[in-house]
Amino acid sequence: MPSYLAAFVRAGLAAALLSAGLSASAQAADKVLTVYTYESFISEWGPGPKVKEAFEKTCDCSVNFVGVADGVALLTRLKLEGQSSKADVVLGLDTNLVEEAKQTGMFDTAAIDTSKVKVPGGFSDDVFVPYDYGHFAVIYDTQAIKTPPKSLKELVEGDPNQKIVIQDPRTSTPGLGLLLWVKSVYGDKAPEAWAKLKGRVLTVTPGWSEAYGLFTKGEAPMVLSYTTSPAYHMVAENTDRYQAADFSEGHYIQIEVAGILKNAPDKDLARQFLAFMLEPGFQDTIPTNNWMMPVAATSEPLPDAFGKLVQPKTTFLMSPAEVAANRQGWIDEWLKAMTLN
């Protein structure tokens, strides 16, 4: 072969390889991970923007967050979409919903090492990976209430003029958490407890954001939230005005999880994201953006405010199977009790 021809061939081959490399790089950059989650996670003050930035640096992809009001609404949307759902990852269900989520047949095995995970009471599952946790609590305004309830019983039977905003268990994971908290303490007497508490409920909101917004606007002196909520006000607003009531019976825990859909367009990328959730790049965003407790190591110690929070002496958590078997019946009890005249 003439030297000039060989050079021409080599140049052509090099160009082809370069073109192929650029094409492959472009394809990698074009990879999109679609994550369904709840709206507060992806708000400008939530962890979503930081998580997106940190993961995109490692994955050569782009993250597309799709938000709904709350965790229960998230499961409802998945059921409506069925196998046509475009999600790769669903982030924002909790342990009270995982069994029902599995029963949809839409989730795949996670295949993620969760040995780094540490939550009160422990949690292990082959489908869902935890990313944070928090105990539910009644948050009160110290300028409006000088003597907060010291137990669920005192909340139920207290002054009806001191109102509380709660969330709907049909659409909200905190609302469902309160439902299970009351059931854990009162058992078969839960309907009577709800009937008594009804007089203290200012309103029932679809999700956490609406409820907490009403509380901070002064519409009610109490709201259902988390023991970690006061940390936000101490760190971000430099005030200890809002505090969590420490209930003698104990507090119900929420462990939030994420999972991969069987029809995920890119399962390898989805599993990469689940593994990333347990790394500092994700866990660092949880305490001061989601205002929950991390489930794995962070790169820095928690802010001092977290050492001032209520530390529940007893943790309530029903098994996912028990919740799945009884959730609708207990919601029906709640609806009946809350609508009695």
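This is a predicted model, so every value here is computed, not measured.

K.L.:
Outline the pairing of strand β8 (residues 222–226), listing residues and values.
P.N.:
Summarising burial for β8: five of the five residues are buried, a large majority. In the sheet, strand β5 (residues 129–141) pairs with β8 via five bridges, with the strands oriented antiparallel. Among the inter-strand pairings, V138 is bridged to a residue of β8, identified as L224. Pairing between strand β6 (residues 164–167) and β8: two bridges, direction parallel. Paired with I164 across the two strands is M222, which belongs to β8.

K.L.:
Could you give an account of the environment of L155, naming the residues involved and the relevant values?
P.N.:
Within the secondary structure layout, L155 lies in helix α6 (residues 152–157). Each C-alpha atom, one on L155 and one on G177, is 16 Å from the other, the two residues being 22 residues apart in sequence. When residues no more than four places from it in sequence are discounted, the contact partners of L155 are V138, P149, I164, L197, R200, M222 and F247.

K.L.:
I'd like to hear about the state of the cysteines, residue by residue, with values.
P.N.:
Within the structure shown, the criterion is met by one disulfide. C59 shares a disulfide with C61; S-S distance 2.0 Å. On the sign convention where negative is left-handed, the bridge of C59 and C61, at about -85 degrees about the S-S bond, is left-handed. For the residue pair C59 and C61, the accessibility class agrees, reading buried in each case.

K.L.:
Tell me about empty space enclosed by the protein, and name the residues and values.
P.N.:
If a probe the size of a water molecule is rolled over the atoms, the empty space left behind becomes visible. Within this structure, the stated rule accounts for one cavity of 30 Å³ or more. There is about 30 Å³ of room inside the largest cavity. Looking at the largest cavity, the residues that line it are G82, Q83, S85, M106, L261 and N263. Residues belonging to the lining of the largest cavity are distributed by class as follows: two nonpolar, four polar and no charged.

Cut-offs and rules
Here, residues in each chain are numbered from 1, in the same order as that chain's written sequence. Local features in this predicted model are restricted to residues whose pLDDT is 70 or higher, and side-chain atom pairs enter the listing and the counts only when it is 80 or higher, whereas totals over whole chains, interfaces and linings include all residues. Computation of side-chain values: all heavy atoms of the structure, hydrogens and water removed. Accessible area is worked out with a 1.4 Å probe on protein chains only. A residue is then buried under 20% of its type maximum, exposed over 50%, and partly exposed in between. Starting at the N terminus, helices and strands are each numbered in turn, a helix being any DSSP run of H or I of at least four residues and a strand any DSSP run of E of at least two. The pairing criterion is simple: DSSP has to find at least two bridges between the two strands. Contact criterion: two residues are considered in contact whenever any of their non-hydrogen atoms come within 4.5 Å of each other. For the purposes of this analysis, a disulfide is any pair of cysteine sulfur atoms at a distance within 2.5 Å. With a 1 Å grid spanning the protein atoms alone, the term cavity applies to any set of points in which a 1.4 Å probe fits but cannot get out, the term pocket to an open set with protein on both sides within 12 Å along at least five of seven lines, and the term lining residue to any residue with an atom within 4 Å of a point. Grid points are joined across faces, edges and corners, and a volume is the space filled by probe spheres set on the points. Under the grouping applied here, Gly and all other residues not named as nonpolar or charged are polar, the nonpolar ones being Ala, Val, Leu, Ile, Met, Phe, Trp, Tyr, Cys and Pro and the charged ones Asp, Glu, Lys and Arg.

In short, shape yes, function no, at least from these values alone.
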